[in-house]
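Tertiary structure, described
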Amino acid sequence: MSKLVLVVDDERGVRDALKDILPDYGYQVECAGNGREGLQKIQELNPAAVLLDIRMPEMDGIAVLEIVNKTGQQVPIILMTAYGSTQTTIEAMKLGAFDYLTKPLQMHELTSVLRKAVEVKELMDSQAGEMQGRLPELADDVMIGMSPAMQHVYKTIGRVANSNASVLIRGESGTGKELVARAIHYHSVRKDRPFVKINCASIPESLLESELFGHEKGAFTGATASKPGKFELAHRGTLFLDEIAEMKASLQAKLLRVLQEREIERVGGTETIKIDVRIISATNQELEKCIEEGTFREDLYYRLNVVEITLPPLRERKEDIPDLVQHIISYSNREYKKHVQGVSDEAMKLLLGYNWPGNIRELKNVCERAVLMSTGPLITPADLPRSLQKSSRQFGWLGDLAGSSFKEIVAEVEREVIIRALEEHNWNRSAAAQALKMNRSSLYAKMKELGIID
């Protein structure tokens, strides 16, 4: 028997298209042209899934979702919008949306999500699945980017924020791992409690234990007074352990015990202190490799990695660069009392063509410098560092390689030619390889050799 899908959208073209297409995939379709009608049909029809537009007059999709949550009706709701934003995505997932799709809809993605939604609905009906109460209102969000990779990150944040599950955030240096940790905290029920962070790589091993667990007076030379550690300071809040792979084995064992027992002892103390702390950790290393090499405990890895969030490098989400740049310019204008309005087309081409090995941290540094250097309303190529100006694909910059070996010069020319071909074909490797009269595997190998990809 086909499953009933309710489409709630104020655009008749969208309703008609889905009503025409979805039966081919085994679904019955009912439609509603606004939020109020949609609410009524959700109650009357108890559909297997709801496709709900966010932007509608009078009552938008978020309002419909909130009301459905309050009534307690269990139905998977998939939100649709042509106007995605970080805030909306996280809010939708926190309010219990099953998923979030961006228009124009991709049929393979839509049908995949619908299939999963129907399975969940069957489980709800057969087992009377547990209710999720309405989640708290969101705090302001500071993450920028609406690429598919970042949309996935936002959805995961929305789903896990209100739990106590440990989260492991992975990604290269400069990708914004701390921002994700803060977003999880400030979108959770712990948001009014402390968010405490510690970088495990920046503190000497001899001091890290004291920083984490605190110490009693006289515990070691220089301990002239008792001091609480990060775990105590983060009680009922969140503790963010950055660079977790740098923690030495002896401390890993103690951290594992804390995660198991939910209690600590200060250095030099005997009193057991109960703690209620959510752990979020981050690393730019391959922990699986660290486990194989014996530098990281496998049992601790599984304790920390209940939920994993992987941040993409900036070179893999270049479509987010214009929004990131504008955000950094706005911040820099306030910080440095400047009035830069944006970036010239030529400068933006350079920013989009660069590989950004330092990720968002490097982009922020470049843009802040450009705002300071700019003397006009727009940032121009002259305001950017020479390393970016080289990527203009004009070979006059070869003079900068004076003194380099022939092999180094050839490698730099190869790199520039390959990047230019990739840009001209929207970073489609197959098309770029064909244009360069190479096979795709050879192009991939050359890109790795030249540092275009890792």
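It should be noted that the structure appears before, not after, this text.
The present account deals with the structure reproduced in this document. Please read all numbers here as calculations on a predicted model, not as lab measurements.

Quick word on unusual backbone geometry
- Backbone torsion omega between lysine 103 and proline 104 reads 0 degrees, so that peptide bond is classified as cis.
- Here proline 104 lies in the loop between strand S5 (99-102) and helix H5 (107-127).
- Residues other than glycine seldom take positive phi values, yet glutamate 243 does so here, at roughly 55 degrees.
- Within the element layout of this structure, glutamate 243 appears in the loop between strand S8 (238-242) and helix H10 (249-261).
- Even without being a glycine, asparagine 359 presents a positive backbone phi close to 60 degrees.
- In this fold, asparagine 359 is placed in helix H15 (residues 359-373).

A few points about the sheet that holds strand S2 (residues 27-32)
- The sheet built from five strands is open, its strands ordered S2-S1-S3-S4-S5 with parallel pairing. Strands with a single pairing partner mark the edges of an open sheet, and in this sheet they are S2 and S5. For this sheet the average axis-to-axis angle between neighbouring strands, irrespective of direction, equals 20 degrees.
- In terms of strand pairing, strand S3 (residues 49-53) meets strand S4 (residues 77-81) through four bridges, oriented parallel. From the neighbouring strand, leucine 52 faces S4, where its bridge partner is leucine 79.
- Against the sheet, helix H2 (residues 35-45) contacts strand S1 (3-8), S2 and S3, and its axis sits at roughly 140 degrees relative to S2.

Here we look at the environment of arginine 303
- Mapping arginine 303 onto the fold places it in helix H12 (residues 298-304).
- Along the sequence, arginine 303 and leucine 256 sit 47 residues apart, while their C-alpha atoms lie 7.6 Å from each other.
- Discounting residues that sit within four places of it in the chain, arginine 303 has contacts with Ser166, Leu256, Leu259 and Gln260.

Focus: the sheet that holds strand S12 (residues 307-310)
- Read across the open sheet, the five strands follow the order S7-S8-S11-S6-S12; overall the sheet is parallel. Of all strands in the sheet, those with a lone pairing partner are strand S7 (195-199) and S12, marking the two edges. On average, adjacent strands in this sheet sit at an angle of 20 degrees to one another, irrespective of strand direction.
- Pairing of S8 with strand S11 (residues 278-283) involves four bridges; the strand directions are parallel. Within the sheet, the bridge partner assigned to leucine 239 lies in S11 and is isoleucine 279.
- Those strands touched by helix H7 (residues 177-186) are strand S6 (167-170), S7, S8, S11 and S12, and its axis lies near 155 degrees from that of S7.

Here's the deal with the nonpolar core
- In terms of nonpolar packing, the biggest core is built from 31 residues, with Phe231, Leu239, Leu241, Ile244 and Phe296 touching the most fellow members.
- When residues of this core are traced back to their parent elements, those giving at least two are S7, helix H8 (205-213), S8, H10, helix H11 (287-293) and H12.
- Other than its neighbours up to four places away in sequence, phenylalanine 231 contacts Leu212, Phe213, Leu239, Leu255, Val258, Ile264, Ile275, Val277 and Ile279.

Comments concerning H7
- When we look at burial in H7, the residues that qualify are Lys177, Val180, Ala181, Ala183, Ile184 and His185.
- Contact partners of the buried residues in H7: helix H6 (148-160), S6, S7, S8, S11 and S12.

Brief notes about the pattern of salt bridges
- According to the stated counting rule, one finds 25 salt bridges in the structure shown.
- Lysine 103 is the salt-bridge partner of aspartate 9, the closest N and O atoms lying 2.7 Å from each other. On the criterion of sequence distance, the pair formed by aspartate 9 in the loop between S1 and helix H1 (12-21) and lysine 103 in the loop between S5 and H5 is long-range, its members being 94 residues apart. For the pair aspartate 9 and lysine 103, a shared accessibility class is recorded, and that class is buried.
- Note that aspartate 299 is salt-bridged to arginine 297, the shortest N-O span being 2.8 Å.
- Here arginine 297 falls in the partly exposed class, since its relative accessible area comes to 30%.
- What emerges from the salt-bridge pattern is a single network uniting Arg170, Glu286, Glu288 and Glu308.

Quick look at the pairing of S3
- Counting buried residues in S3 gives five out of five residues, a clear majority hidden from the surface.
- Residues Ala49, Leu51 and Asp53 line one face of S3 and the alternating positions Val50 and Leu52 line the opposite face, and both faces are buried.
- Where S1 and S3 come together, four bridges link them in parallel fashion. Residue pairing for S3: valine 5 is matched across the bridge by alanine 49.
- In terms of handedness, the path from S3 via helix H3 (residues 61-71) over to S4 forms a crossover that is right-handed.

Rules and cut-offs
- Residues numbered from 1 in each chain as written.
- Predicted model: local features only at pLDDT ≥ 70, side-chain atom pairs only at ≥ 80, totals over all residues.
- Heavy atoms only, no water.
- Helix = DSSP H or I, 4+ residues; strand = E, 2+ residues; numbered from the N terminus.
- Pairing = 2+ DSSP bridges.
- Axes fitted to C-alpha atoms, helices over the stretch in contact; angles between N-to-C directions.
- Contact = heavy atoms within 4.5 Å.
- Core = buried A, V, L, I, M, F, W, Y, C linked by side-chain atoms within 4.5 Å.
- Buried < 20%, exposed > 50% of the residue type's maximum accessible area, 1.4 Å probe, protein only.
- Salt bridge = Lys/Arg side-chain N within 4 Å of Asp/Glu carboxyl O.
- Right-handed = clockwise from strand over helix to strand, strands pointing away.

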